[in-house]
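# Structural overview
This is what each chain is made of:
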Amino acid sequence: MPHERCRTARRPGPPGHRVAGFTLIELMIAIAVVALLGALAYPSFLDAVRKSRRADGMGALAAVQQAQERWRNNNANYSTSLADLNVPSSSSNGYYTISVTAEPGGRPLAVAYVATAVGKAGTSQENDKACRKLSVKLDQGSLSYAGCGNCAEFSYAATHACWAR
């Protein structure tokens, strides 16, 4: 009889009544499913974040282009100095480092320049395998775009996947 009393004290309700809840196995399965979904979704989420942060680099390069045109209005050549252009050396949100160089094909600064944004070390853009480096080239009034993960040279074209909006 004492055994019966203890059992009733632990399980309130009428005899044979089942207490609602989850078993340990059910909880482990639910946690495993959630972990699996998270493991599959997290890399896609990071890629989406990196892609959205490319707009920071694109915006910085657009600012360089506008500053170059203002500079060229008052000078004979485009400039390779961000200080002359009054443009910061990093993008507005700090994900990219900005630089301006002469066109590598030897074109004079009077007609051509290259502006590049490189994912800054210590940011998520440093790990952007597809488009860590973004570049825009102006050559005789014609703009072309390029991007890559870790290339030594860019392949410029009128459109580029890294620049898709």
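Before going into details, it helps to say that this report is about the structure given with it. (Residues numbered from 1 in each chain as written. Predicted model: local features only at pLDDT ≥ 70, side-chain atom pairs only at ≥ 80, totals over all residues. Heavy atoms only, no water.)

## Structural notes on helix H2 (residues 24–74)
Filter applied, for reference: Numbering of helices and strands runs from the N terminus; a helix is a DSSP stretch of H or I covering at least four residues, while a strand is a stretch of E covering at least two. Helix span, expected: 1.5 Å multiplied by one less than the number of residues in the helix. Values of bend correspond, residue by residue, to the angle between axes fitted over the seven residues ending at that residue and the seven starting there. When accessible area is computed with a 1.4 Å probe and restricted to protein chains, residues below 20% of their type maximum are described as buried, those above 50% as exposed, and intermediate ones as partly exposed. Residues count as neighbours in contact if any of their non-hydrogen atoms are within 4.5 Å of one another.
Taking 1.5 Å per residue as the helical rise, H2 with its 51 residues ought to reach 75 Å, and the 75 Å between its terminal C-alpha atoms agrees with that figure. The largest bend along H2 measures about 30° and falls at Ala 41, with the proline Pro 43 one to four residues further on. Every buried residue of H2 is accounted for by Val 49, Arg 50, Arg 54, Asp 56, Gly 57, Met 58, Ala 60, Leu 61, Val 64, Gln 65, Ala 67 and Gln 68. Those residues of H2 that are buried lie in contact with helix H3 (82–85), strand E1 (96–101), strand E2 (112–119), strand E3 (133–139) and strand E4 (142–148).

## Things to note about the packing of aromatic side chains
Put simply, the rule reads: Pairing of aromatic rings covers Phe, Tyr and the six-membered ring of Trp, with a centre-to-centre limit of 6.5 Å; geometry is then stacked below 30 degrees between planes, edge-to-face above 60, and tilted otherwise.
Taken as a whole and assessed by the stated rule, the structure comprises four aromatic pairs. With a centroid separation of 4.9 Å and 55° between ring planes, the pair formed by Tyr 78 and Tyr 113 is classed as tilted. Of this pair, Tyr 78 sits in the loop between H2 and H3 while Tyr 113 sits in strand E2, and the two are 35 residues apart along the sequence. Exposure remark for Tyr 78: the relative accessible area of 9% places this residue in the buried category.

## A closer look at the pairing of E2
Put simply, the rule is: By the convention used here, strands pair only if DSSP detects at least 2 bridges between them.
When you tally the buried positions in E2, you get seven out of eight residues, the bulk of the element. Where E1 lies against E2, six bridges are found, and the strand directions are antiparallel. What sits directly across from Tyr 96, in E2, is Gly 119.

## Considerations on the sheet that holds E2
Which entries qualify depends on this criterion: All axes here are fitted lines through C-alpha atoms, helices being fitted over the stretch that makes contact, and every angle between N-to-C directions spans 0 to 180 degrees.
Ordered in space as E1-E2-E3-E4, the four strands form an open sheet in which the pairing is antiparallel. Each having just a single partner strand, E1 and E4 make up the two edges of the open sheet. Within the sheet, the average angular offset between the axes of one strand and its neighbour, ignoring direction, is 15°. For E3 and E4, the ladder comprises seven bridges, and the chain directions are antiparallel. Paired with Asp 139 across the bridge in E4 is Ser 142.

## Some words on the state of the cysteines
Stated precisely, the cut-off is as follows: Any cysteine sulfur atom paired with another within 2.5 Å is treated as part of a disulfide.
Going through the model one piece at a time under the given rule, you end up with two disulfides. Here Cys 131 connects covalently by a disulfide to Cys 162, the sulfurs 1.8 Å from one another. With the S-S dihedral at roughly -85°, the linkage between Cys 131 and Cys 162 falls on the left-handed side. Remark: Cys 162 occurs in the segment after E4 and Cys 131 occurs in the loop between E2 and E3; sequence separation between them is 31 residues. Relative accessible area serves as the criterion here: at 3%, Cys 131 is assigned to the buried category. In this model, Cys 148 is linked to Cys 151 through a disulfide, with the two sulfur atoms separated by 1.8 Å. Negative torsions about the S-S bond denote left-handed disulfides, and the value of about -65° found for Cys 148 with Cys 151 makes this one left-handed. The pair Cys 148 / Cys 151 is uniform in exposure class, with both members buried. Taken in N- to C-terminal order, the disulfide-linked cysteines of the protein are connected 1-4, 2-3.

## Considering the pattern of salt bridges
The line we're drawing: A pair is scored as a salt bridge if a Lys or Arg side-chain nitrogen falls within 4 Å of a carboxyl oxygen belonging to Asp or Glu.
In this structure the tally under the stated criterion is four salt bridges. In this structure, Arg 50 engages Asp 47 in a salt bridge whose closest nitrogen and oxygen atoms are separated by 3.0 Å. Here Asp 47 and Arg 50 lie together in helix H2, a separation of three residues that amounts to about one turn. We classify Arg 50 as buried; its relative accessible area is 14%. Close ionic contact of Asp 139 with Arg 107 constitutes a salt bridge, the shortest N to O distance being 3.0 Å. Linking Asp 139 in strand E3 with Arg 107 in the loop between E1 and E2, this pair joins segments that are 32 residues apart in sequence.

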